[in-house]
Amino acid sequence: QDFSESDLRCCKAFQWLREKNLGFCARLLDSCGLLEQLHLIRESPQKLDKVGLPYRCCQLLLATAEKDALSKDTFAPKLEEVPAGWEQNTSRHLNLQYFQKEGQMQWEWPLPVNLVPWRNDGGVDGSTSEQWQQQDEDHAIPEAKHFAPDPSSSVTALDDCPYKEGSRCLLCLEDFDDEHESSSMHGQHMKFWKQITDRMAMLCLDLEKLPQDGYRQMGLASAWRGELWQALRVSPAPPKSVLAPFWQRVVLRHLAPADSTSKNDRETAAGLQALLKEALKAARGAGNESQETSQEKAEKDISAAVASLDKRVSGLTNISITPAVAALKDLRLTVISSSLYSSDTRSDILDHALKALRQAEAAIEQFCSQPAFHVVVQSWLEEKRLESCLPLLSHRGVLTAIAKGEAVKADAAHGLPTHFSETLSEAWHSEGALRLLRPRRSPPDDWELVFSRSVGLFYYCHKTIDGRAQWPYPALAENETKGSLAKVPNILDEWTRGKPVAGNALYAEIASKGEPICLLCKGQGLEHFASAGHSENIAIWSSIQSRLSEVEHGLNVQLTLVTSASSLTSFEMAALTKAWLHEIQHTTLEPADSDDARKQQVSRVFWHLLLAPWSQKATQLVQVQQELNRALTMAGLQEPKWSELEWQARVPPQPHVDFPWPRVSKLKLPQSTPSEVYDALSAQALKSEGITAKADGTLWCTYCDKAVKQLSAHLNRIFPEAMQHIENGIAVKAVVAKLKSEGHQMRCEGLVLSKRRFHCSLCNTSGNWKWICDHRSAPSHRDAYNVFLQSSSPAAAQVQINNKKFKEAELVAWKKAMAMDQAMDKD
């Protein structure tokens, strides 16, 4: 199967590389066994370390592989891509799949028509990439072919000036004489010539990063030639009249495939560098740069640039990174323009400068990638609910140690909650989860990677009009703000509140009419405090209190240790305070992510009643400890002693306020009545049908609980709407009749009518007032009522006392409220 898919995978990978302008790297990747399995570089970036790709290509390849989420399936064959005419069959003898077309059979997957073959007609792997590169060059500079020297001539036979052919200037296409040499047009072209020469020198300098001894890989020259082609054409791009002779008479003259007698192997790092340096000498020799500085001055300039760079790179910060990059650029320019770099012999000064360059590049790259590593660590910490300790870990050098593969200090988790320390200690050991993390390579949204050829490193540019740019990964500032406490919806703001009972549980309040309110359950009435649902919420409340008591114990222990450690800085104390506040919030809201709405509600009430008022203001760890201790003390307060409160008879619901009251008389009109008659009905006549006018003038039917748009359609029986209205009126009258006969008993079962809604304090539920009878007869309510009758809680006992004490007074008031039918009909 691997063999049958190999060619197709290579073709798809090559197409993907071409889309990223990295097609010239394909042959080198293929020779290292990575083209067919390109997804492996995302999982193991170190696989590219010894491939020999140019630095820009290597980093860009890793970033795009991460952004595109390369996987094994990315380049996998798909049946829908098989060209028309091909069929997939299975060999009965081998149990393997093959493809057949008009008598032709093959084991390999046929290539889709839109893919470029990875092998040429001769069957040579990767030659397609070089052909594609050549086509790209020919397309960009089609007139360049007449600039190419005779391939049979040797390098030494070439004119000393690559842009001169006899007495003609190939840059300006004019005769070369003293007047032309001093012309502004020639001077401008020579500036471009020097510019692209320096770019080639920079690339030659980057080639120094590869191992020089014994490193050989097929496709190496192709990759670096393609990178040089890209480098020469970046903005500001030279005109074709300059690029063409430079490319044909300087670059290809030295980098084109050499014969067997060449002393420099273009597929080795050392040989390729030697060829590039020869090309560099040829280009500079043509540039009238014969006035080279003395060796003494060159050494002095390089030494000064190295000293400046060493000073700038030491102790990098967000402020000093820009001067450090400028010093790095200055040393690179000093090296490539020095006569020492063009010399055939290497000096100690130059070797020292190249070593300083490599060290500075590594230091700057590590500093700029730290925020990218922080982002990855932040994501991991958020999964473990440890994100609040990121500033402390960064301050104590934990992230730097992990990024460098070094051991973490033993006291790195000092002062943190116990489970923080345990999780982190396990994660940062030699094979822990944190050791497996790598810095994010792809930039955040709205940012893009841009390579600086003069510096040899990437920077980040924002995709806006102003094009804001920076060297460090652009996520540190926004991720530092993630340490604040999460916002918890305050459901108490939406509920009816009363007055708290001093010295008792904060969730129990007394309403203006003397009825107790439960903030824990959003319930009302003394019966609610004796319900099973309330008892379950109390159990959840107690579990939160128990978990926080364990947190308090750990906080007391760590506070004692932290207080005795005088070496802790103010930043560490502030970071520890934030971490413990997060631990308190996570512990309180632990079930908030579950599907249990009851647990969510209780945990949020607990948070806003006891913890939220001070959590945003606490700035010291000792303050957190004191406030948590006070909160847990208040959480343990008992519910009010119901027998000691003053109770009074309950007020019955009011008709037309808490529920609609149907009239005994009703409207009687024949079906032939015109619509104008219905529109002219008086307010009294409409009331007999349960229709009233609102303040804005619209009509509302209390039987149907909806607005009336057309009276005739709502009242005339020939319309379906009117028939539904009649059914609703009958239902309303049935419910009101039940209220007259059994309403007082409903009240004793915890059922209350208020503002045309019923509320059940035993079941802690509510709904449209018309559903009160249905709810009362529901099995769930009957079970809740039976539990209430068997309850021995103080609330249940007080309910029984109140029922006996106010039975007569409440019954009289109820009957009086229900005896309104005659009075209403007289109005």
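Everything quoted here is computed from the prediction, not taken from an experiment.

### Some details on the overall build of the protein chain
So, point 1. Along the backbone of the protein chain there are 31 helices and 19 strands.
So, point 2. Taking 28 Å as the expected radius of gyration for a compact globule of 827 residues, we find that the protein chain reaches 42 Å, considerably beyond that expectation.
So, point 3. On the principal axes, the C-alpha backbone points of the protein chain span a range of 125 × 85 × 70 Å.
So, point 4. Here the protein chain, with 827 residues, has 48% of them falling under the buried criterion.

### Description of the packing of aromatic side chains
So, point 1. Using the criterion set out here, one finds 19 aromatic pairs in the structure.
So, point 2. Seen in terms of ring centroids, Tyr459 and Trp471 are 5.4 Å apart; in terms of plane orientation they differ by 65 degrees. Their pairing is edge-to-face. Pair noted here: Tyr459 is in strand β8 (residues 457–462) and Trp471 is in the loop between β9 (469–470) and α18 (476–480), with a separation of twelve residues, a long-range link.
So, point 3. On the basis of relative accessibility, which here comes to 23%, the residue Tyr459 falls in the partly exposed class.
So, point 4. Chaining the aromatic ring pairs together yields one cluster made of Tyr163, Phe176, Trp193 and Phe246.
So, point 5. For the cation-ring pair, Lys277 lies above Tyr341, with the distance from its terminal atom to the ring centre recorded as 4.2 Å.
So, point 6. Lying across the ring of Trp700, Lys694 places its NZ or CZ 4.1 Å from the centre.

### Section: the packing of helix α7 (residues 184–207) against helix α12 (residues 321–336)
So, point 1. At a closest axis distance of 10 Å, the pairing of α7 and α12 adopts a crossing angle of 105 degrees. It follows that α7 is roughly perpendicular to α12 by the angle criterion. Only Arg332, Leu333, Val335 and Ile336 of α12 make contact with α7, whose side of the interface consists of Asp198, Ala201, Met202, Leu205 and Asp206.
So, point 2. For the contact of α7 with α12, the residue count by class is six nonpolar, no polar and three charged.

### Topic: helix α17 (residues 418–427)
So, point 1. Listed in full, the buried residues belonging to α17 are Phe420, Ser421, Leu424 and Ala427. Seen along its axis, α17 keeps its buried residues to an arc of 135 degrees; they face one direction. What points out from α17, more than 90 degrees from its buried face, is the exposed set Glu422 and Glu426.

### Quick look at the side chain of Ser688
So, point 1. With respect to the helices, strands and loops of the structure, Ser688 is situated in the loop between α24 (683–687) and β14 (691–693).
So, point 2. Judged by relative accessible area, which is 10%, Ser688 ranks as buried.
So, point 3. Within the local environment of Ser688, its side chain forms a polar contact with the backbone oxygen of Ala685, the two atoms lying 2.4 Å apart.
So, point 4. Once you skip the residues sitting within four places of it in the chain, Ser688 turns out to touch Arg663, Ser665, Lys666, Leu667 and Tyr703.

### A closer look at the confidence of the model for the protein chain
So, point 1. The pLDDT averaged across the protein chain works out to 86; a share of 91% of its residues lies at or above 70.
So, point 2. Of the regions scoring below 50 in pLDDT, residues 148–158 engages in twelve contacts with residues more than four places distant in sequence or in other chains.
So, point 3. For the stretch residues 287–293, pLDDT sits under 50, and the model shows seven contacts to residues farther than four places along the chain or on other chains.

### Looking at unusual backbone geometry
So, point 1. The omega torsion across Ser235 and Pro236 is 0 degrees, close enough to zero to call that bond cis.
So, point 2. Mapped onto the secondary structure, Pro236 falls in the loop between α8 (220–232) and α9 (240–255).
So, point 3. A positive phi angle is found at Asn21, which is not glycine, with a value near 60 degrees.
So, point 4. Mapped onto the secondary structure, Asn21 falls in the loop between α1 (2–19) and α2 (26–31).

### Considerations on the pattern of salt bridges
So, point 1. A complete count under the given rule lists 27 salt bridges for this structure.
So, point 2. We note a salt bridge from Lys209 to Glu361, for which the minimum N-O separation is 3.6 Å. Within this pair, whereas Lys209 is found in the loop between α7 and α8, its partner Glu361 is found in helix α14 (residues 348–383), the two being separated by 152 residues in sequence.

### Some details on the sheet that holds strand β2 (residues 97–101)
So, point 1. Judged by pairing direction, the sheet is antiparallel, and its three strands sit side by side in the order β1-β2-β3 without closing on themselves. Among the strands making up the open sheet, the edge pair consists of β1 (87–90) and β3 (104–106). Across the sheet, the axes of successive neighbouring strands diverge by a mean angle of 35 degrees, strand direction being ignored.
So, point 2. Pairing geometry for β1 and β2, over four bridges, is antiparallel. The residue bridging Thr90 from the neighbouring strand is Gln97, located in β2.

### Overview of the sheet that holds strand β17 (residues 751–754)
So, point 1. In space, the three strands of this open sheet follow the order β17-β18-β19, with antiparallel pairing throughout. Either end of the sheet is taken by a strand with one partner, and the two such strands are β17 and β19 (765–768). Here the strands of the sheet are splayed against their neighbours by 25 degrees on average, with no regard to which way each runs.
So, point 2. Here β17 pairs with strand β18 (residues 757–760) via four bridges, running antiparallel. Looking across to β18, one finds that Val752 is bridged to His759.

### Some points on a positive patch on the surface
So, point 1. Together, Lys666, Lys668, Arg717 and Lys733 give the surface a local cluster of positive charge.
So, point 2. Relative to the helices and strands, Lys733 is located in helix α26 (residues 720–748).
So, point 3. When its relative accessible area of 34% is taken as the criterion, Lys733 is described as partly exposed.

### Concerning the packing of α26 against helix α30 (residues 807–818)
So, point 1. Where α26 contacts α30, the two axes come as close as 10 Å, and the packing angle between them is 160 degrees. Taken together, α26 and α30 sit at an angle that is classed as roughly antiparallel. Regarding α26 and α30, the two cross each other, and that crossing is right-handed. For the pair formed by α26 and α30, the contact residues are Leu739, Lys740, Gly743 and His744 on the first element and Lys807, Glu810, Leu811, Trp814 and Met818 on the second.

### Section: the environment of Thr90
So, point 1. Along the polypeptide, Thr90 turns up in strand β1.
So, point 2. The class for Thr90 is partly exposed, based on a relative accessible area of 45%.
So, point 3. Taking the C-alpha atoms as reference, Thr90 lies 79 Å from Gly743; in sequence the two are 653 residues apart.

### Observations concerning the environment of Ala680
So, point 1. With respect to the helices and strands, the residue Ala680 is situated in the loop between α23 (675–679) and α24.
So, point 2. The exposure class of Ala680 is exposed, given its relative accessible area of 63%.
So, point 3. The spacing of Ala680 and Gly456 is 224 residues in sequence and 88 Å in space, taken between C-alpha atoms.

### Description of the pairing of β2
So, point 1. The loop that links β1 with its antiparallel partner β2 comprises six residues; one of these, Asn95, has a positive phi angle of about 55 degrees.
So, point 2. Examined bridge by bridge, β2 and β3 share three bridges and lie antiparallel to one another. Among the inter-strand pairings, Phe99 is bridged to a residue of β3, identified as Gln106.
So, point 3. Between the antiparallel neighbours β2 and β3 lie two residues, among them Glu102 with a positive phi of about 50 degrees.

Parameters and conventions
All chains use their own residue numbering, which begins from 1 and follows the written sequence. Thresholds applied to this predicted model are a pLDDT of at least 70 for local features of residues and 80 or more for the giving and counting of side-chain atom pairs; totals over whole chains, interfaces and linings are not thresholded and use all residues. Side-chain measures here rest on the full set of heavy atoms in the structure, leaving out hydrogens and waters. Working definition: helices are DSSP H or I runs of at least four residues, strands are E runs of at least two. Numbering for both runs from the N terminus. Two things to know: the radius of gyration comes from C-alpha atoms, and the globule rule equals 2.2 Å times the number of residues to the power 0.38. Working definition: with a 1.4 Å probe on protein chains only, accessible area under 20% of the residue-type maximum means buried, over 50% means exposed, and in between means partly exposed. Aromatic pairing here means that ring centres of Phe, Tyr or Trp (its six-membered ring) are within 6.5 Å. Orientation follows from the plane angle: under 30 degrees is stacked, over 60 is edge-to-face, and everything else is tilted. Any Lys NZ or Arg CZ found within 6 Å of a ring centre and within 35 degrees of that ring's normal is scored as a charge over the ring. Here an angle of 0 to 180 degrees is reported between the N-to-C directions of two axes, which are lines fitted to C-alpha atoms, with helices fitted over the stretch in contact. Roughly parallel refers to an angle under 35 degrees, roughly antiparallel to one over 145, roughly perpendicular to one between 65 and 115, and oblique to any angle outside these ranges. A contact between two residues is defined here by any heavy atoms of the two lying within 4.5 Å. For this classification, the nonpolar set comprises Ala, Val, Leu, Ile, Met, Phe, Trp, Tyr, Cys and Pro, the charged set comprises Asp, Glu, Lys and Arg, and every other residue, Gly included, is treated as polar. Taking the helix axis as origin, the arc is that swept by the directions to the C-beta atoms. Polar contact is the term for a pair of N or O atoms within 3.5 Å; when the atoms are in protein, one must be able to donate a hydrogen and the other to accept it, and sequence-neighboring residues count only if both atoms are side-chain atoms. By definition, pLDDT measures how confident the predictor is in each residue, and it falls between 0 and 100. For this document, the term salt bridge refers to a Lys or Arg side-chain nitrogen within 4 Å of an Asp or Glu carboxyl oxygen. The rule for pairing is simple: two strands pair if DSSP sees at least two bridges between them. Residues forming no salt bridge and having over 30% relative accessible area are the ones grouped into patches, like charges within 9 Å of each other and nonpolar side chains (Val, Leu, Ile, Met, Phe, Trp, Tyr) within 5 Å. All accessibility values rest on the Shrake-Rupley procedure with a 1.4 Å probe; residue burial counts only the protein chains present in the view. Counted as positive: Lys and Arg. Counted as negative: Asp and Glu. His and the chain ends are not counted at all. Charged side chains are reduced to one point each, which is NZ for Lys, CZ for Arg, CG for Asp and CD for Glu. The sense of a crossing depends on the near helix, which, turned anticlockwise from the far helix by less than a right angle, makes the crossing left-handed and, turned clockwise, makes it right-handed.

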